[in-house]
Amino acid sequence: MNIKYIFKGTITLAFAALLTACQSELEKINKNPNESTTAQPDYILANAIKSNADLLQGSDASMETTTLFVQHWAKIQYTDVDKYVVNPTNVQNIWTNLYSQGLNDFAEVIKIGQKTNNPNYQAVGLILQSWSFQILTDLYGDIPYSQALNINQFLTPQYDSQKDVYAGILTNLKKATELIDLNANPIKGDVIYNGNLARWKKFANSLRLRVALRIADRDSQAAKSVFTELAGNKSNFIASNDEIAQLTYLASPNQNPVARDRETRDDYRVSKSIVDRLVLLNDPRLSIFANKTADVTPAGYIGVTNGLPVDSASRLGLSKTSKLGDYFTAPTAPSVFLTYSEVLFNLSEAAQRGFIQEDAEALYKQAITASLLQFKVGSADITKYLAQSSVAYNAQNYKKSIGEQKWLALFSQGVEAFAEWRRLDFPQLKPAYSGVLNGNFPVRLTYPTGEQALNIANYKAAVAKQGTDVVTTKLWFDVF
Amino acid sequence: MDLNYYNSDSYNQILRADVSPTTGFKQKLLNAGHINNHGFEAQLNFTPIQTASGFKWNILLNYSTNVSQVISLDDEGFLNDYKLGSNGIISVLASKGKRYGALFGTAFLRNTNGDIVVNADGTPARDPNLKVLGYYTPKWIGGITNSFSYKGFNLSVLIDTKQGGQIYSATNATGKYTGVLIETMQGRDEEHGGLAYYYQGNNKSGTPIPLTDSKASAPGGEQVYHDGIIFNGVKSDGSQNTVILPAERYYKATYSNSGINESSIFDASFIKLREVKLSYTVPTNLVNKLHLQGVTLSLVGRNLAFLQKKAANIDPETAFSTGNGQGLESLQLPTTSSYGFTLNINF
């Protein structure tokens, strides 16, 4: 062999060796020895739950949108949003926060659960993920679901129809309840139930009832099958006010978003619609939901009409209208996800629809009782309240009875109240006083403008399928 | 004379691309992209007059064009648009197959004839689809420096220009919807062409009813207002809009930052008197007596005047961002004119 070739070969080899060494060195250099590279599920879980809880109570999904649409609250300053001039920033924030914070974190929790063979992390991740998708589809309609949260494969996810999203949620919630292992594999970072997995199972089943009724006007068979599977044993569900799914806030800086808003702002009052209704029904929750006016007035409680022109609103006066009750503005007020009373209302409606063989009226009364107890109303007052003819159950018009009482019970749970009000069409509200929708109500949120910039083809396909991208386009579940 | 043509392709930039949050992420780091830049550059330097007495007139001209085109963004072809910047309302995009730097925002809803459609309440309707409202990249830029020298005196005048390209001016949007700009006097009272109207039973949430005679009183004795404006557009059936709007609503509906961006897009072209400099170089024999090498005195003025400007109320050169998100302006301080005096001494 020629000595020259040997020489060349050696040089090449030496370089090759050098290069590979270089590469591994480079990779090492990119790793920060002081930073953890694997996430701990407990931190992710706690953060994601708080992110969703903040969203549900915060200005984007509640204060500036849904809670005004359902006329729980009204605006006394900056009234544009109360006239249905929905702020695009709010619309974008709900979408961005749910997908890139809550949902992305829950997906990570599920992955960690799979890697570490902890079925309970998987189950809890799946429950919270399904719940987040339910919020999104309730608000927007068709949404990216099957291709969402998979950036390596789908940089521009397709939209799935609302029908498929609800079906997927029902399947995954059932899967989650089957995964839960009550005897082993504890979880940490659970700021809802503090690791009590039996309660997570109840939350998942209660969510299944919610979603089943959501689709009941479209697919009553699918809805019925959920109830027949679960309703035989009431302990399958959230079965007392102690088991409510909620995040209880702490003192500042971890205070309730409403409390944080009230530290610096005074833009909201309780809506006239709900104050008048509570007065009419002699409802003991009035003093919980609303505060008496700061200036002493004969009525004590005065609500504000939704969607007033700025000058009319300011003439009403900040001190002559009722602020939101202290219960809801306390730093430690909870962000409520699903209540015992909601479960009972859902069972009552299922009984009325013939999904289960039970007494709809009795369940309706239990639901109201649960709501009153949740707000610490005494038992004598409850009996008195239920005895009124104005509260009595009307089987001929169950949507009215259930719709009106559910609307009261869901006070300050804007997102869920908005969905149920659209589905049940009760209570019959009057559109905002100077609303900009020609006397119509908003019945969804438009897609955020970012989708038009970053996912245009799929956005267009979704709009073509669902209908014009405006707030007055009815969603699939909203039949009537 | 100096002429250049260039055609350059840039590949594999490191892009922090905005992606749909439905992917679970707001941004993705990509090593991708293909941008083509081509254009002309010309420079001409000549002296039209030079006399024996020492007078000299020199002209330096420069001109350049640049076309920046986005060929592709990511290798997989998922991304059509890369967000270069945003002021939270309007985004600046690099879109595949298009000119670089598109201003993407809300537009007026127009019918097939191109007329703006108004809502039933007389306010302009917004197109539910966002549109490209312009591009910030100019068609060409150029400058001319004239310098005149005689004996030790030298006067040089630099004029430069940027032609083509658009800018979104939040200053104008804010100033108009809040009514602080002088343009919004239009229609605010009788003197400025405001139309007369009243509300049935003084119910201000009702529809304003026009009065043809501005001196007339309302039929029911209602209060008469004189700040009515009719938006120049058509109803959904194609007929001319006749609904009267109070000036406040008119300006708010047309110019609000969160409303229709198209109304605050301006042509960013300008011609600027960039610099005037008068200098005097003290003769060498005088200077040498003081044991110095050279002394020059000069008076300089920069950013003295606009010779042409199409965007009202702002300097189109001011910008919200110094990064890629150009073409956006939002309540920026205008460029300041500066005047200076310089004394140069060489030892």
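The rules behind these values
Residues numbered from 1 in each chain as written. Chains lettered and ligands numbered in written order. Predicted model: local features only at pLDDT ≥ 70, side-chain atom pairs only at ≥ 80, totals over all residues. Helix = DSSP H or I, 4+ residues; strand = E, 2+ residues; numbered from the N terminus. Buried ≥ 20, exposed ≤ 12 C-beta atoms within 10 Å, placed from the backbone. Contact = placed C-beta atoms within 7 Å. Rg over C-alpha atoms; globule rule 2.2 N^0.38 Å. Pairing = 2+ DSSP bridges. Axes fitted to C-alpha atoms, helices over the stretch in contact; angles between N-to-C directions. Expected span 1.5 Å × (residues − 1). pLDDT = per-residue confidence, 0-100. Core = buried A, V, L, I, M, F, W, Y, C linked by C-beta atoms within 7 Å. Arc of directions from axis to C-beta. Nonpolar A, V, L, I, M, F, W, Y, C, P; charged D, E, K, R; others polar.

A. Spatial organisation of the overall build of chain A. When its secondary structure is counted, chain A shows 20 helices and six strands. Evaluated residue by residue, chain A yields a buried proportion of 51% over its 480 residues. Counting contacts in chain A only where the partners sit at least 6 residues apart, residues at least 24 apart contribute 74% of the total.

B. Representation of the overall build of chain B within the structure. Assigned secondary structure in chain B consists of three helices and 20 strands. A compact globule built from 347 residues would reach a C-alpha radius of gyration of about 20 Å, whereas chain B, at 28 Å, exceeds it by more than 25%. Across its three principal axes, chain B shows a C-alpha extent of roughly 95 × 60 × 35 Å. A burial count over chain B gives 31% of its 347 residues as buried. Of the contacts formed within chain B by residues at least 6 apart in sequence, a portion of 64% connects residues at least 24 apart.

C. Molecular detail of the pairing of strand β12 (residues 195-199) of chain B. Residues and elements named next belong to chain B. For β12, the tally of buried residues reaches four of five residues, placing the bulk of the element in the interior. Pairing geometry for β12 and strand β14 (residues 224-230), over three bridges, is antiparallel. Its bridge partner lying in β14, Y197 is registered against Y225. Strand direction decides the pairing type here: β12 and strand β13 (residues 208-210), joined by three bridges, are antiparallel. Residue pairing for β13: Y199 is matched across the bridge by P208.

D. Quick peek at the sheet that holds strand β19 (residues 328-329) of chain B. Residues and elements named next belong to chain B. Across the sheet, three strands lie side by side as β16-β11-β19; this open sheet has mixed pairing. Every other strand in the sheet has two partners, leaving β16 (265-267) and β19 as the edge strands with one partner each. In this sheet, β19 lies alongside strand β11 (residues 166-169) in parallel orientation, the contact comprising two bridges. Pairing of Y168 across the sheet is with L328, part of β19. Sheet strands touched by helix α1 (residues 170-177): β11 and β19. Its angle to β11, the strand with the most contacts, is close to 40°.

E. Representation of helix α15 (residues 360-374) of chain A in the model. Residues and elements named next belong to chain A. Its 15 residues place the ends of α15 21 Å apart at the C-alpha level, agreeing with the 21 Å of an ideal helix rising 1.5 Å per residue. The elements touched by buried residues of α15 are α14 (340-352), α16 (379-386) and α17 (398-409). A positive phi of about 65° marks K376, the residue just after α15.

F. Inspection of the confidence of the model for chain B at higher detail. Looking at chain B, the pLDDT average stands at 89 and 99% of residues meet or exceed 70. As scored by the predictor, the complex reaches a pTM of 0.80 and an ipTM of 0.83.

G. Just the nonpolar core, in detail. Grouped together as the largest cluster of nonpolar side chains are 135 residues, with contacts concentrated most on I127(A) and A212(A). Sorting elements by how many residues they give to this core places helix α5 (residues 119-140) of chain A first, with 12 residues. In contact with A212(A), other than residues within four places in its own chain, are L170(A), A223(A), V226(A) and F227(A). Judged by nonpolar contacts, the second largest core, of 56 residues, contains L155(A), A107(B), A247(B) and F266(B).

H. Spotlight on helix α20 (residues 456-466) of chain A. All names here are of chain A. Three or more residues of α20 are buried, namely N458, Y459, A462, V463 and Q466. Buried residues of α20, viewed axially, fall in a sector of 135°; they line one side. Of the exposed residues in α20, those oriented more than 90 degrees away from the buried face are A457, A464 and K465. Where α20 is buried, its residues contact β3 (159-160) and α19 (449-454). Following α20 by one or two positions, G467 has its phi on the positive side, about 120°.

I. Geometry of the interface of chain B and chain A. Counting from both sides, the interface comprises 26 residues of chain B and, opposite them, 32 residues of chain A. Put simply, the parts of the chain that give the side of chain B that touches chain A at least two residues each are β5 (81-86) and β6 (91-95) of chain B. Within the side of chain B that touches chain A, the residues separate by chemical class into 10 nonpolar, nine polar and seven charged.

J. Region of interest: the sheet that holds strand β7 (residues 100-105) of chain B. Residues and elements named next belong to chain B. The four strands are arranged β5-β6-β7-β8 in an open sheet whose pairing can be described as antiparallel. Where the open sheet ends on each side, the last strands, each with one partner, are β5 and β8 (131-135). With direction set aside, neighbouring strand axes in the sheet form an average angle of 40°.

K. Focus on unusual backbone geometry. All names here are of chain A. For the bond from S252 to P253, the omega torsion is 10°, close enough to zero to count as cis. Mapped onto the secondary structure, P253 falls in the loop between β4 (245-248) and α9 (257-264). Along the chain, F426 connects to P427 via a cis peptide bond; the corresponding omega equals -5°. Mapped onto the elements of the fold, P427 is located in the loop between α18 (414-424) and α19. Residues other than glycine seldom take positive phi values, yet N282 does so here, at roughly 50°. Tracing the sequence through the fold places N282 in the loop between α10 (272-280) and α11 (286-289).

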